[in-house]
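A look at the structure
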Amino acid sequence: MQWSPDGALRIVDQRRLPGEFVERDLRTVAEVAEAIRTLAVRGAPAIGVAAAMGLAAAVWHATRVGAGPALLADVAAVRAFVHGGAAELRAARPTAVNLGWALDRMRDVLDRDPGVGVTPLTAALRAEAEAIRAEDEAMCAAIGAAGRELLRDGMRVLTHCNAGALATAGIGTALAPVYAAVEAGLRIEVFADETRPLLQGSRLTAWELARAGVPVTVITDGMAGSVMAAGKIDLVLVGADRIAANGDSANKIGTYALAVLAKHHRIPFVVVAPSSSIDARAPTGAEIPIEERGADEVTHLAGARVAAAGATVFNPAFDVTPAALISHIVTEAGVLCAPFRFDHAPIALPPA
Ligand code: MRU
């Protein structure tokens, strides 16, 4: 994610990968919300960064082009625009706490200097969005350095969904230790779950790892158990959309099943996420809202119907892995071992 030359938010449209690499410039809150809802931009840290940069870009454009003199001249209108835009973006996806976390930071900019004018306020919003982007990039690098300690030469890592560079502003979360280890000369092989229904594993994780020269093998989700039983997996690394105070972690649907399988096969199951994914206000995973998405994502594949007409569909986008199944949680602060407690977290948390 970056700024376009005319101040828009530029994203890679992840719906088009791996077939096409298409960039899109977003200038309005509605465009950014639509991109988040439809997974053009996705992954917990990435949607937080996109929401912040997109909101700043929308303010920038609304105060410069097309929105008329009232917004340009009136700081109260800019403030109302930020509140309304943040509410619209926050509602785009419910599970990733990074989205609300980033938007809270943008809203807090409004309170810093109540007397500020339109132009400095617009600049301050852009600066805050840029800081959120830069911090996410730095958190990914720190996560990579910390998580790399769990990897040894020759290890085979299983991952689910995409928690790589495409899902963040940096080198990723779950894939960051892999990139750091490969950079240090270790040979690491990754097994990527296909990740039904939207195939983030086979489309995105496989795309970015292959592009980076990291050996990657795609398996369908149902193959994970037999691949583990065959002794082909040494470690599971997954991301998180929200981690509760007790360590229960929400991630892409299918993650919980992997954790159960990993426990059965005595394979370490590691959740890797920045502290912006920790929600100390959610005591357990039961308090994490789980997004349900449309039936067509399950009944159709690449536009073609693959499920019998007449069947009902249940399509939760995420599941919760209980902390008891998680051996380590890696954040930018380091590698934490179970049991986990994040209400007195050892890392900097956003204010409650
Ligand atoms: O629905 P998605 O593709 O946004 O789901 C993403 C995931 O589940 C990721 O594993 C999670 O957001 C962590 S991304 C660093």
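A brief report on the enclosed structure follows. (Residues numbered from 1 in each chain as written. Predicted model: local features only at pLDDT ≥ 70, side-chain atom pairs only at ≥ 80, totals over all residues. Heavy atoms only, no water.)

1. Notes on the site of the ligand
- Every one of the 18 residues lining the ligand counts as a neighbour, but R42, A44, R93, N251 and K252 are closest to it.
- R42 is positioned with one of its side-chain polar atoms (N or O) 2.4 Å from an oxygen atom of the ligand.
- In this structure, Q200 approaches the ligand through a side-chain N or O atom, which is 2.9 Å from an oxygen atom.
- Coverage of the ligand by the protein chains reaches 99% of its 420 Å² of free accessible surface.
- Elements represented by at least two residues in the shell around the ligand include exactly α2 (44–62) and β9 (249–252).
- Looking at side-chain class alone, the shell around the ligand contains eight nonpolar, six polar and four charged residues.
- There are two domains that each give the shell around the ligand at least three residues, and those are domain 1 (2–141) and domain 2 (145–337). (Near = heavy atom within 4 Å. Polar contact = N/O pair within 3.5 Å; in protein donor to acceptor, adjacent residues only side chain to side chain. Areas by Shrake-Rupley, 256 points an atom, 1.4 Å probe, with all protein chains shown as cover. Helix = DSSP H or I, 4+ residues; strand = E, 2+ residues; numbered from the N terminus. Nonpolar A, V, L, I, M, F, W, Y, C, P; charged D, E, K, R; others polar. Domains from an automatic or database assignment.)

2. What to know about the state of the cysteines
- Throughout the structure, instances matching the rule amount to zero disulfides.
- As a non-bridged cysteine, C140 has C161 as the owner of its nearest cysteine sulfur, 15 Å distant. (Disulfide = S-S within 2.5 Å.)

3. Brief notes about the sheet that holds strand β10 (residues 269–272)
- What the seven strands build is an open sheet, ordered β6-β5-β4-β7-β10-β15-β16; its pairing is mixed. Every interior strand has two partners, whereas the edge strands, β6 (216–219) and β16 (334–337), have only one. In this sheet, adjacent strand axes meet at a mean angle of 25° when their direction is disregarded.
- By the bridge criterion, four bridges tie strand β5 (residues 189–193) to β6 in an arrangement that is parallel. (Pairing = 2+ DSSP bridges. Axes fitted to C-alpha atoms, helices over the stretch in contact; angles between N-to-C directions.)

4. Some thoughts on the pattern of salt bridges
- Evaluated as defined, the whole model comprises 23 salt bridges.
- A salt bridge links D25 to R10, with the nearest nitrogen and oxygen atoms 2.7 Å apart. Residue D25 is located in strand β3 (residues 23–26), and its partner R10 is located in strand β2 (residues 9–12); the two are separated by 15 residues in the primary sequence.
- A relative accessible area of 22% places R10 in the partly exposed class.
- The salt bridge partner of R133 is E137, with a shortest N-O separation of 2.9 Å. Note that R133 and E137 are positioned in helix α6 (residues 118–147) at a spacing of four residues, about one turn of the helix.
- Given the relative accessible area of 37%, E137 is considered partly exposed.
- What emerges from the salt-bridge pattern is a single network uniting D6, R10, D25 and R27. (Salt bridge = Lys/Arg side-chain N within 4 Å of Asp/Glu carboxyl O. Buried < 20%, exposed > 50% of the residue type's maximum accessible area, 1.4 Å probe, protein only.)

5. Description of the pairing of β9
- One ladder, built from two bridges, connects strand β8 (residues 242–244) with β9; its direction is antiparallel. Considered in β9, the bridge of I243 is made with S249.
- The turn linking β8 back onto β9 is made up of four residues, and G247 within it adopts a positive phi angle of 95°.
- The pairing of β9 with strand β14 (residues 318–321) spans four bridges and is antiparallel. Looking at β14, one finds that A250 is bridged to V320.

6. Observations concerning the packing of aromatic side chains
- A full pass over the atoms with the stated rule returns two aromatic pairs.
- Judged by centre distance (6.1 Å) and plane angle (25°), the ring pair of F21 and W207 falls under stacked. Of this pair, F21 sits in the loop between β2 and β3 while W207 sits in helix α8 (residues 200–211), and the two are 186 residues apart along the sequence.
- The class of F21 is partly exposed, set by a relative accessible area of 46%.
- Between F340 and F342 the ring centres are 6.5 Å apart and the planes differ by 5°, which places this aromatic pair in the stacked class.
- Given a relative accessible area of 1%, F342 falls into the buried group.
- Here the guanidinium or amino end of R126 rests over the ring plane of W3, the centre of that ring lying 4.1 Å away.
- Here the guanidinium or amino end of K252 rests over the ring plane of F318, the centre of that ring lying 4.4 Å away. (Phe/Tyr/Trp six-rings, centres within 6.5 Å; stacked < 30°, edge-to-face > 60°. Lys NZ or Arg CZ within 6 Å of the ring centre and 35° of its normal.)

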